[in-house]
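Per-entry structural report
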Amino acid sequence: MTKLSYILQYTLDMMIVMIIAIPFVVYLRFKSRKKRDVGLNNRWHEVGIMAFWVYLIGLFYETIVPKNGVSLQYAGMRLHHLDSLGINFRLFRVFTDVYNAIHYLNLWQPFFINFLGNIAIFMPIGFLLPLLWRKMEKFFFVLFTGLGLSLFIETMQLPQFRSTDVDDLWLNTLGAVIGFVVYKHLVKRIPKLKEKFKVFL
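Model, not experiment: these values are computed from the prediction. (Residues numbered from 1 in each chain as written. Predicted model: local features only at pLDDT ≥ 70, side-chain atom pairs only at ≥ 80, totals over all residues. Heavy atoms only, no water.)

Examining unusual backbone geometry
- Unlike most non-glycine residues, Phe 92 shows phi in positive territory, near 70 degrees.
- With respect to the element layout, Phe 92 can be found in the loop between strand E1 (87–88) and helix H4 (93–105).
- Not every positive phi belongs to a glycine, and Asn 106 is a case in point at roughly 55 degrees.
- Of note, Asn 106 is situated in the loop between H4 and helix H5 (109–120). (Helix = DSSP H or I, 4+ residues; strand = E, 2+ residues; numbered from the N terminus.)

Structure representation (structure tokens):
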């Protein structure tokens with residue numbers, strides 16, 4: 001499979017899951033509002049909340065849902081045999097891996113998937129959080145939310161037959177930060193965007 005087809009397949013899988021999730025998220029959201037007898041304060045905020053949940057479902061499907069089974073015994077084995085069983089605790093090893101793959105094997109997949117992919121997939125976190133909630137307009141809230149979510153995902157991957165990498169933590173967090181910067185830039189250009197998706201007080 002070429003690097004382009006791998007990226008397209010990964011994206012397509014995530015998009016299909018997100019599309020399937022839309023009617024369920026809409027139904028559960030409106031059912032929840034009806035149960036709590038809460039009126040619709042801002043329709044754009046409601047749309048944004050549902051988009052956020054749909055994105056999270058797609059994210060968790062690609063990163064947490066087991067593809068090849070789960071074993072707690074395997075998780076213990078991995079912690080004792082790190083490199084041989086797909087765990088990397090060497091910070092910034094991604095640069096060496098990407099360089100070696102490109103320079104010696106002419107293989108760009110680690111660059112597009114392991115490096116750029118881990119950044120891009122968390123950019124919606126940094127963008128949607130401050131867009132939807134005022135308290136998330138503070139940089140450190142977004143920073144630690146991105147880091148915490150990434151840590152949760154990597155921990156959930158331990159008992160699975162897939163890689164767990166410390167570099168994913170800072171790459172994911174960087175993606176959230178970039179999303180936050182994009183939000184701040186758009187708000188400067190389109191000031192109305194700052195309040196359009198937030199709940200009215």
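More follows now that the structure is in view.
Some details on the packing of aromatic side chains
- Applying the stated criterion to the full structure yields 16 aromatic pairs.
- Summarising the aromatic geometry, the rings of Trp 108 and Phe 111 are spaced 5.8 Å apart at their centres and angled 85 degrees between planes, so their arrangement reads as edge-to-face.
- Among the aromatic side chains, those forming a connected cluster through ring pairs are Phe 92, Phe 95, Trp 108, Phe 111, Phe 112, Phe 115 and Trp 170. (Phe/Tyr/Trp six-rings, centres within 6.5 Å; stacked < 30°, edge-to-face > 60°.)

With respect to the packing of helix H7 (residues 139–156) against helix H8 (residues 166–189)
- Put simply, H7 and H8 touch, their axes get as near as 8 Å, and they point 145 degrees apart. For the element pair H7 and H8, the recorded crossing hand is right-handed. Packed against H7, whose contacting residues are Phe 139, Val 142, Leu 143, Gly 146, Leu 147, Ser 150, Leu 151 and Glu 154, the element H8 presents Asp 168, Leu 169, Asn 172, Thr 173, Ala 176, Val 177 and Phe 180 at the interface.
- Of the residues contributing to the contact of H7 with H8, the split by class is nine nonpolar, four polar and two charged. (Axes fitted to C-alpha atoms, helices over the stretch in contact; angles between N-to-C directions. Left-handed = near helix turned anticlockwise from the far one by under 90°. Contact = heavy atoms within 4.5 Å. Nonpolar A, V, L, I, M, F, W, Y, C, P; charged D, E, K, R; others polar.)

Some words on helix H2 (residues 43–63)
- End to end, H2 covers 30 Å across 21 residues, agreeing with the expected 30 Å (1.5 Å per residue, within 8%).
- Capping the start of H2, Asn 42 holds a side-chain oxygen 2.9 Å from the backbone nitrogen of Trp 44, two or three residues further along. (Expected span 1.5 Å × (residues − 1). Polar contact = N/O pair within 3.5 Å; in protein donor to acceptor, adjacent residues only side chain to side chain.)

Quick notes on the packing of H2 against helix H6 (residues 123–132)
- Running from N to C, H2 and H6 point in directions that differ by 155 degrees, and their axes come no closer than 10 Å. Accordingly, the angle class assigned to the pair H2 and H6 is roughly antiparallel. With respect to the hand of their crossing, H2 and H6 are arranged in left-handed fashion. Residues His 45, Gly 48, Ile 49, Phe 52, Tyr 55 and Leu 56 of H2 form the contact with H6, whose participating residues are Pro 124, Ile 125, Leu 128, Leu 129 and Leu 132.
- Tallied by class, the residues present in the contact of H2 with H6 amount to nine nonpolar, two polar and no charged. (Parallel < 35°, antiparallel > 145°, perpendicular 65-115°, else oblique.)

A few points about the confidence of the model for the protein chain
- Mean pLDDT over the protein chain: 85, with 84% of residues reaching 70 or higher.
- Here helix H3 (residues 72–80) is the element of the protein chain with the lowest mean pLDDT, 55, and H6 is the one with the highest, 97. (pLDDT = per-residue confidence, 0-100.)

Thoughts on the pattern of salt bridges
- For the structure shown, the criterion picks out five salt bridges.
- Between Glu 46 and Arg 29 there is a salt bridge whose closest N-O contact spans 2.4 Å. Highlighted residues: Glu 46 in helix H2 and Arg 29 in helix H1 (residues 3–36), separated in sequence by 17 residues.
- Put simply, Glu 137, Lys 194 and Lys 198 are held in one network by salt bridges that share partners. (Salt bridge = Lys/Arg side-chain N within 4 Å of Asp/Glu carboxyl O.)

Some words on a nonpolar patch on the surface
- Taken together, the side chains of Met 15, Ile 19, Ile 22, Val 26 and Phe 30 present a nonpolar region at the surface, about 430 Å² in accessible area.
- Within the fold, Ile 22 resides in helix H1.
- Overall, the relative accessible area of 40% leaves Ile 22 in the partly exposed class. (Patch = residues over 30% accessible without salt bridge, like charges linked within 9 Å, V, L, I, M, F, W, Y side chains within 5 Å. Areas by Shrake-Rupley, 256 points an atom, 1.4 Å probe, with all protein chains shown as cover. Buried < 20%, exposed > 50% of the residue type's maximum accessible area, 1.4 Å probe, protein only.)

What about the nonpolar core?
- Grouped together as the largest cluster of nonpolar side chains are 29 residues, with contacts concentrated most on Phe 52, Tyr 55, Leu 56, Leu 59, Phe 122, Ile 125 and Leu 149.
- Within the residue set of this core, elements represented by two or more residues are H1, H2, H6, H7 and H8.
- It is H2 that provides the largest number of residues to this core, a total of seven residues.
- Ranked by size, the runner-up nonpolar core spans five residues in total, among them Val 94, Val 98, Phe 115 and Ile 119. (Core = buried A, V, L, I, M, F, W, Y, C linked by side-chain atoms within 4.5 Å.)

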